[in-house]
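# Breakdown of the fold
Here is how the chains run, residue by residue.
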Amino acid sequence: MTGDARHPDGLASASLPGDERFAVLAVDGPRDGLGPIVSALADAGYDVRRVADVDAALAVAEARPPSLVLLDLRGVETVALATCRRLREHPALEGVPVVTVGTVDDPDVWTEALRTCVADFVTAPVRIAELLARVRTQLSLRNARTALDANDAARRRANARLEAEVERRRGVESDLRRSLDAADRSRLAMLGMLEDHAVAARERELLRTAIEQAAEVVFVTDPEGRIRYANPAFERTSGYSHAEVLGKKPSLLKSGVHDDAHYRDLWRTITSGRAWAGRFVNRRKDGSLFTEEATIAPVFDAAGAITGYVAVKRDVTQQLRMAEQLQQAQKMESVGRLAGGVAHDFNNLLTVIVGYGEMVQAALHPSDPLRAKVDQILSAGRRSAGLTRQFLAFSRRQTLKPVVLDLNALLTDLQKLLGRLIGEDVHLELRLAPGLPRVLADPGQLEQVVMNLAVNSRDAMPTGGRLVLSTGARELPPGFAHDGAVVPAGPYVALEVTDTGTGMDAATLGRIFEPFFTTKERGKGTGLGLSTVYGIVKQSGGHLQVDSEVGRGTTFRILFPPSAGDAATPEPRPAAPSAHGGGLAVLLVEDEEPLRPLFRDMLVDLGYRVHVAANGGEALLKVEDGKLVPDVLLTDVVMPGMSGPALATRLRRTLPRLKVLYVSGYTDGALESHGASAAGGALLHKPFTADVLATRLAEVLAAPTPPPPG
């Protein structure tokens, strides 16, 4: 679609949601040809500053940097590269996208310009709608880059604060060590002088009591490193009793994580009379690993000789795990937002692919040799639509229809299907706790969670094994943390999926919910199964935990808050209304150029009279001139200038019986944020087929007339 300078494609505002008004610096060429374009930009809501040449543009940019530069290079292609580079290299225009208008007389020049200094270009003759679309795209990209830079800066500031806090704590520990050293030397001197006196005995008892009741691990060795004393905190942390470690060296805790150089540096430091501070990954008596922050210092006698070493250590395993979980949660949230945005754009493209593919398929004779090729196109399009649904599940932007359900009943109904899914060499066992509280969840999505986990377990047991699905009630204590956040205390309903498969190491566990991450060989998986599980559980208000160890299997544990309602019962399905349009009038409003002719053709084939508008303003003009009285409004939700719900509200002031069907690549959340609840109407998700469109339109037309606004 093309537009003129006064009404550029119906765009009423150039601002993106949450952004201030954008400033565009228009640099005219020798032909002074930007006049109509500048008018169109101004009409579209941009703050346009127009200058005659590059020198004037740089002067204006120094005073007030623009959001985007529009450069007219028609007639000066031979200096296009130098001109663009002057703009790109000027400090005031750092990061500002440059969009050029010109002809492509020398493709090599334009190729180099696009590679080095030009963000985009529009060829003459200029189409205003295309120019505005490219300008909005570049501003959106710059906005996104600015947001990412801000997030990076925030993370760097947070890391700097964390490093400062770590340094402060190290200083405190160093001060404490020096204080302990000084106190110990003083104590030893006093004990030597007052050993036969009762005051010395009381002092020793007080010191022993303080050390034994300390939360930190404290142990003392002789000069060769053999343990002479270990406090109860050592026993609690390591699992070894005092008797088991007496006379042994701390190396019995070695985990194999650190190399010999780590320990050589420790001994070189303390034997030279200096204190050593650092971190150990050690192994408990039961074989589990834990991380300690330690300070080890020499103990001197009155003559200054080293008589042994004292170590003060603190278990920081939980703190490190919490920090890792928080970082992982933040990363998953960022990836989720990206995935949701990509899925919306894919939905629009897939609507065109699948829609036209079905039209071509219907037009072909069953024996036509092209039919098999069209079938492959449609199959790929539908598989791609499935991937976008998984994207939306991971990003927690899909539409859920939660009901109060019995988790045990759902698993029992799935048992036969799961048995066929995992195969005969995997034994399936259900352990369902009786009297379990109900939960509020979307049954279809919850079934997908169980099946995805079952498939994941099956693939981890290539030679067979056992898969156990169990339910039960759990009570979480106050302060229970997961995914870097505290989970509210109270009762929960637990669903556990346990297998006897190969298990996973810590590195794999840290990435299993990332989209496209998979340990399977190429072609054996998309890497979206567990990320879909993660998104569904989170969007349903649940919490997901994973326990796994190489060679010992895996357990996925899902916690749902209980629901006090009664389990939902299926409602009888009403008779399907007629899917033929019968000549009824449809007002079609869609701002995406490729989708308008597709939807129009679908509706015409279904027997509707179709009136097409590219935006809300154009639709209002068609109705307000009195020549069009539509029976139903079919409109996109999110459109520039006027949203679909806002258009529906305006039209219902004069057409109170108007029925509305929204179409969107977004989810129900988009309806809420754009006021669709007040406007009323049903939602049809992209991509969809002509049959689905026919059914939904028939349902909307058969539904009761909505109440008049106000």
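Our structure's up above, just so we're on the same page.
Okay, so let's go over this structure.

A tally of regular secondary structure across the chain gives 21 helices and 25 strands. The buried share among the 710 residues of the chain stands at 41%. Considering only contacts in the chain between residues 6 or more positions apart, those separated by 24 or more positions represent 65%. On the chain, roughly 36,500 Å² of surface is accessible, and the fraction owed to carbon and sulfur atoms is 55%.

It is worth spelling out the pattern of salt bridges at this point. Applying the stated criterion across every chain, the model contains 26 salt bridges. Close ionic contact of arginine 64 with aspartate 47 constitutes a salt bridge, the shortest N to O distance being 3.2 Å. Taken together, the residues arginine 64 in the loop between helix H2 (54-63) and strand S3 (68-72) and aspartate 47 in strand S2 (residues 47-51) connect sequence positions 17 residues apart. We classify arginine 64 as partly exposed; its relative accessible area is 45%. The residue arginine 600 makes a salt bridge to aspartate 601 at a minimum N-O spacing of 3.5 Å. Under the relative-accessibility criterion, aspartate 601 is labelled partly exposed at 26%. Overlapping salt bridges bring together Asp120, Arg127, Glu130 and Arg134 as one network.

On to the packing of helix H12 (residues 407-422) against helix H13 (residues 443-459), then. The interhelical angle for the contact between H12 and H13, taken along N-to-C directions, is 40 degrees, at an axis separation of 10 Å. By the angle class used here, H12 and H13 are oblique. Remark: the crossing between H12 and H13 carries right-handed chirality. On H13, the residues touching Leu407, Leu410, Leu411, Leu414, Leu417, Leu418, Leu421 and Ile422 of H12 are Pro443, Leu446, Glu447, Val450, Met451, Ala454, Val455 and Arg458.

Within the largest apolar cluster, 33 residues are counted, with the highest numbers of intra-cluster contacts made by Leu446, Val449, Leu453, Leu467, Leu469 and Ile558. Breaking this core down by element, the ones donating at least two residues are H12, strand S12 (426-431), strand S13 (438-441), H13, strand S14 (465-476), strand S17 (490-499), helix H15 (529-539) and strand S19 (554-560).

Before going further, it helps to spend a moment on the sheet that holds S13. The antiparallel open sheet is built from three strands, whose spatial order is S11-S13-S20. The open sheet has two edge strands with one neighbour each: strand S11 (403-405) and strand S20 (562-563). Pairing analysis gives three bridges linking S11 to S13, with the strands arranged antiparallel. Its bridge partner lying in S13, leucine 405 is registered against valine 439.

Overall, antiparallel pairing links the five strands, which are arranged S7-S6-S10-S9-S8 in an open sheet. Looking at which strands have only one partner, the edges of the open sheet turn out to be strand S7 (227-230) and strand S8 (276-283). The sheet shows a mean angle of 30 degrees between the axes of neighbouring strands, direction not considered. In this sheet, strand S9 (residues 289-300) lies alongside S8 in antiparallel orientation, the contact comprising eight bridges. Looking across to S9, one finds that asparagine 282 is bridged to phenylalanine 290.

Another aspect to go through is the packing of helix H17 (residues 616-624) against helix H18 (residues 644-652). Direction vectors running N to C along H17 and H18 enclose 15 degrees, while the axes themselves pass 10 Å from each other. The pairing of H17 with H18 is recorded here as roughly parallel in orientation. Considering only the axes of H17 and H18, their crossing is right-handed. Between H17 and H18, the residues in contact are Gly616, Ala619, Leu620, Val623 and Glu624 and Leu647, Arg650 and Leu651, respectively. Class assignment of the residues belonging to the contact of H17 with H18 gives a composition of five nonpolar, one polar and two charged.

Attention shifts here to H12. By the largest-angle criterion, glutamine 415 marks the main kink of H12, which is about 45 degrees. Every buried residue belonging to H12 is among Leu407, Asn408, Leu410, Leu411, Leu414, Leu418 and Ile422, and all of these are buried. Tucked into the core, H12 has its buried residues touching S11, S12, H13, S14 and S17. Regarding H12, its N-cap is aspartate 406, as a side-chain oxygen of that residue lies 2.9 Å from the backbone nitrogen of asparagine 408 further along.

Definitions and limits used
- Residues numbered from 1 in each chain as written.
- Predicted model: local features only at pLDDT ≥ 70, side-chain atom pairs only at ≥ 80, totals over all residues.
- Heavy atoms only, no water.
- Helix = DSSP H or I, 4+ residues; strand = E, 2+ residues; numbered from the N terminus.
- Buried < 20%, exposed > 50% of the residue type's maximum accessible area, 1.4 Å probe, protein only.
- Contact = heavy atoms within 4.5 Å.
- Areas by Shrake-Rupley, 256 points an atom, 1.4 Å probe, with all protein chains shown as cover.
- Salt bridge = Lys/Arg side-chain N within 4 Å of Asp/Glu carboxyl O.
- Axes fitted to C-alpha atoms, helices over the stretch in contact; angles between N-to-C directions.
- Parallel < 35°, antiparallel > 145°, perpendicular 65-115°, else oblique.
- Left-handed = near helix turned anticlockwise from the far one by under 90°.
- Core = buried A, V, L, I, M, F, W, Y, C linked by side-chain atoms within 4.5 Å.
- Pairing = 2+ DSSP bridges.
- Nonpolar A, V, L, I, M, F, W, Y, C, P; charged D, E, K, R; others polar.
- Bend = angle between axes of the 7 residues up to and from the residue.
- Polar contact = N/O pair within 3.5 Å; in protein donor to acceptor, adjacent residues only side chain to side chain.

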